[in-house]
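Each chain, letter by letter, is given below.
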Amino acid sequence: MSQTAVLAWVLGIILAVLVLPPAIILIMRSVAVTNADATVGGFTLEHFARFIHSPELLRTLSNSLIFAVCSTIIGLLFGGTLAWLVERTNTRFKGLAYVTTIISMGTPYILYVSAWLFLLGRSGPFNDLYRQLTGSFRPLFDPYSLGGMILIEGFLWSPLVFLLMSSTFRAANAEMEEAARMSGATVFRTIWTISIKMAKPAILALALFVFIRAIEAFEVPILVGHPGKVNVLTTEVYQSIKETIPPDLGYASAYSVVLLAVVAVLLHFYNRLSRNAGRYSTVTGKGYRPRQFDLGGYRWIGDLLVLFNFCIVLLLPLMALLWLSLLPYMRAMSFAAISNFSLANYVTVLTSDYYRTLAANTLAVGAVAATLGMILSFFVGWLSARRRPGGQILDQLATVPLVFPGVVMGVAFLMILLNVPLPIYGTIWALIIAYVVRYLPYGLRYTYTGVLQIHKELEEAAGASGATPMQALRRIIAPLLSPAIISGWLFIFLIATKELAVAVLLAGPSSQVVAVGMYDLWVNGQGGELAAFGLIWAAVMALVASAFYFVAEKSGRGGIQ
């Protein structure tokens, strides 16, 4: 048997062991009777019957759809408009847009949500200003509502939309826009009929991607919707596990299977949209030079939008966190409160073993998961891109975790780890295994596209010189692929250190990570320590995000793919 065949078999066994059990156990549990000791009894469809006849089903489904659709629209409008302004026009302050995005990539979502809950809360500056101006005792805005969920989720997604759309607009050929302007079209007509139409496939694919991520979102539903009694599918799954005694594993599995099916169907349409994107190519073999679109008298509107994005996405949340971190307890913004400023929260965070343990666990879990994930992605990406025997099957196996929402994957691994004879549940190894599976598809996209950019003539020349496939892989492919591998590693590390949905179900007392620690601090009302710890952590992660962006730009990938 050749070296390549042995490698394919070994990878196939590893991926089958990692990827298939979560799906199998969810389906089995959804149609099985769960005994009092959590063992499996006979066959039943009762869990699906309870799901269908649940009086809250329609409300939960409609909340999920409205939440996902509206937050997708806000994220696309906000992030997409900003990307077009920065990449295609002569608007100013472009550097602020990239600074905002890079720092946002390193900031945990739970920290952003906490900041916005304070800003939009009853004692927050917006409602406080409204009361002072109108004399009303009622707040203008209640963040613990469906509207609050949509607004915060939309703001969370706008930096990623900006990053992904900016690479599309950056590579667009400006000749059609210039031809439209020379033919007398107005600025807005040129944008609508040329710029948006050229980017239509990318916009539709990105819209579906953001919609999928919003459907499976967990941080905003649990922090914002749950206290306001606005439940969505992911919070129903979480409640079935965490808020019932004993955990209702069968009902949670039935909910998870339905959510899994919804995401799988959406991903199918996302892949079809992505495959047809080539029909809208505007960059051909002819030479071209991307030129900026002159906004003319409307340039100030572009400047205002860039500044507005900087204030909304970065400046205001950071100011809110800084305010909270300097106060002994949560208090409305006022000059009188400044006299209570102190660095006590920072001293507590910097001298506490608890916070050092959180940081150490998170860095260890993120680094090990990213390393293992990229090692698997490297070999699978090479076999798949080179069409070696078994490569396509390995590619499909490694892509399966994409259909798992975070909370569903957490439920699946919870049931697996509770039934294996090894004492893994509650340790950092439980998190590492789940993270490797969850982020494997993302690492694969980096290595697969990276291998495609390396012509196979180099491997053929190495083979003609007597090198084995493994020697060619180690001495030729791996060095040439190193920028893509480093980008993938940094990307997985960044998102793994922010993961809450999986960690909140699998972390034990000795394996707490930053996201779970922040969640507990917020639930326990320790907003000051949360803000101080979050700002320090966000500064460290922003440096990592800067490294990721630098490497991604240098390798010509333009950010997250």
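Residues numbered from 1 in each chain as written. Predicted model: local features only at pLDDT ≥ 70, side-chain atom pairs only at ≥ 80, totals over all residues. Heavy atoms only, no water.

### Quick look at a nonpolar patch on the surface
Consideration 1: The grouping of Phe93, Phe188, Tyr298, Trp300, Ile301, Leu304, Leu305 and Leu307 at the surface amounts to a nonpolar patch, some 760 Å² of accessible area in total.
Consideration 2: By relative accessible area, Tyr298 is classed as partly exposed at 40%. (Patch = residues over 30% accessible without salt bridge, like charges linked within 9 Å, V, L, I, M, F, W, Y side chains within 5 Å. Areas by Shrake-Rupley, 256 points an atom, 1.4 Å probe, with all protein chains shown as cover. Salt bridge = Lys/Arg side-chain N within 4 Å of Asp/Glu carboxyl O. Buried < 20%, exposed > 50% of the residue type's maximum accessible area, 1.4 Å probe, protein only.)

### Considering the packing of aromatic side chains
Consideration 1: Applying the stated criterion across every chain yields a total of 14 aromatic pairs.
Consideration 2: Both rings, one in Tyr355 and one in Phe533, keep their centres 4.9 Å apart while their planes meet at 45 degrees; by these two values the pair is tilted. Placement of the pair is Tyr355 in helix H16 (residues 353–385) and Phe533 in helix H24 (residues 527–554), with a sequence separation of 178 residues.
Consideration 3: Arranged with centres 6.0 Å apart and planes meeting at 50 degrees, the rings of Tyr439 and Tyr442 form a pair that is tilted. (Phe/Tyr/Trp six-rings, centres within 6.5 Å; stacked < 30°, edge-to-face > 60°. Helix = DSSP H or I, 4+ residues; strand = E, 2+ residues; numbered from the N terminus.)

### A word on unusual backbone geometry
Consideration 1: Its identity is not glycine, yet Phe93 carries a phi of approximately 60 degrees, on the positive side.
Consideration 2: By the secondary structure assignment, Phe93 is in the loop between helix H3 (57–88) and helix H4 (94–106).
Consideration 3: Phi angles above zero are rare outside glycine, and Lys229 is one such case at about 60 degrees.
Consideration 4: Checked against the element boundaries, Lys229 lands in the loop between helix H11 (219–225) and helix H12 (233–242).

### Overview of helix H21 (residues 469–496)
Consideration 1: Between the first and last C-alpha of H21 there are merely 32 Å, a value that for 28 residues lags more than 12% behind the 40 Å anticipated at 1.5 Å per step.
Consideration 2: Along H21, the helix axis deviates most sharply at Ser482, where the bend reaches about 60 degrees; the proline Pro483 sits within four residues downstream. (Expected span 1.5 Å × (residues − 1). Bend = angle between axes of the 7 residues up to and from the residue.)

### Examining helix H2 (residues 46–53)
Consideration 1: Residues His47, Phe48 and Phe51 constitute the buried set of H2. Looking straight down H2, one finds its buried side chains confined to an arc of 95 degrees; they lie on one side. (Arc of directions from axis to C-beta.)

### Considerations on the pattern of salt bridges
Consideration 1: This structure, assessed with the given rule, holds eight salt bridges.
Consideration 2: A salt bridge links Arg92 to Asp303; the nearest nitrogen and oxygen atoms lie 2.5 Å apart. Here Asp303 lies in helix H14 (residues 299–325) and Arg92 lies in the loop between H3 and H4, a separation of 211 residues in the sequence.
Consideration 3: For Asp303, a relative accessible area of 5% puts it in the buried group.
Consideration 4: Between Glu216 and Arg213 there is a salt bridge whose closest N-O contact spans 3.3 Å.

### Some words on the nonpolar core
Consideration 1: Leu26 and Tyr435 are the most contacted members of the largest nonpolar core, which has 181 residues in total.
Consideration 2: Setting aside chain neighbours within four positions, we find Leu26 in contact with Ser253, Ser256, Val257, Leu260, Phe404, Val408, Val411, Ala412 and Met415. (Core = buried A, V, L, I, M, F, W, Y, C linked by side-chain atoms within 4.5 Å. Contact = heavy atoms within 4.5 Å.)

### Considering the confidence of the model for the protein chain
Consideration 1: With 93% of its residues at a pLDDT of at least 70, the protein chain reaches an overall mean of 83.
Consideration 2: In this model, residues 283–287 is a region of pLDDT below 50 whose contacts with residues beyond four sequence positions or in other chains number three contacts.
Consideration 3: Confidence drops under pLDDT 50 across residues 557–561; counting only partners more than four residues distant or on other chains, this segment forms 21 contacts. (pLDDT = per-residue confidence, 0-100.)

### Section: the side chain of Ser64
Consideration 1: Of note, Ser64 is situated in helix H3.
Consideration 2: With relative accessibility at 3%, the residue Ser64 sits in the buried group.
Consideration 3: For Ser64, the side chain forms a polar contact with the main-chain nitrogen of Leu233, separated by 3.0 Å.
Consideration 4: For Ser64, the contacting residues outside a window of four places in its chain are Ile215, Val232 and Leu233. (Polar contact = N/O pair within 3.5 Å; in protein donor to acceptor, adjacent residues only side chain to side chain.)

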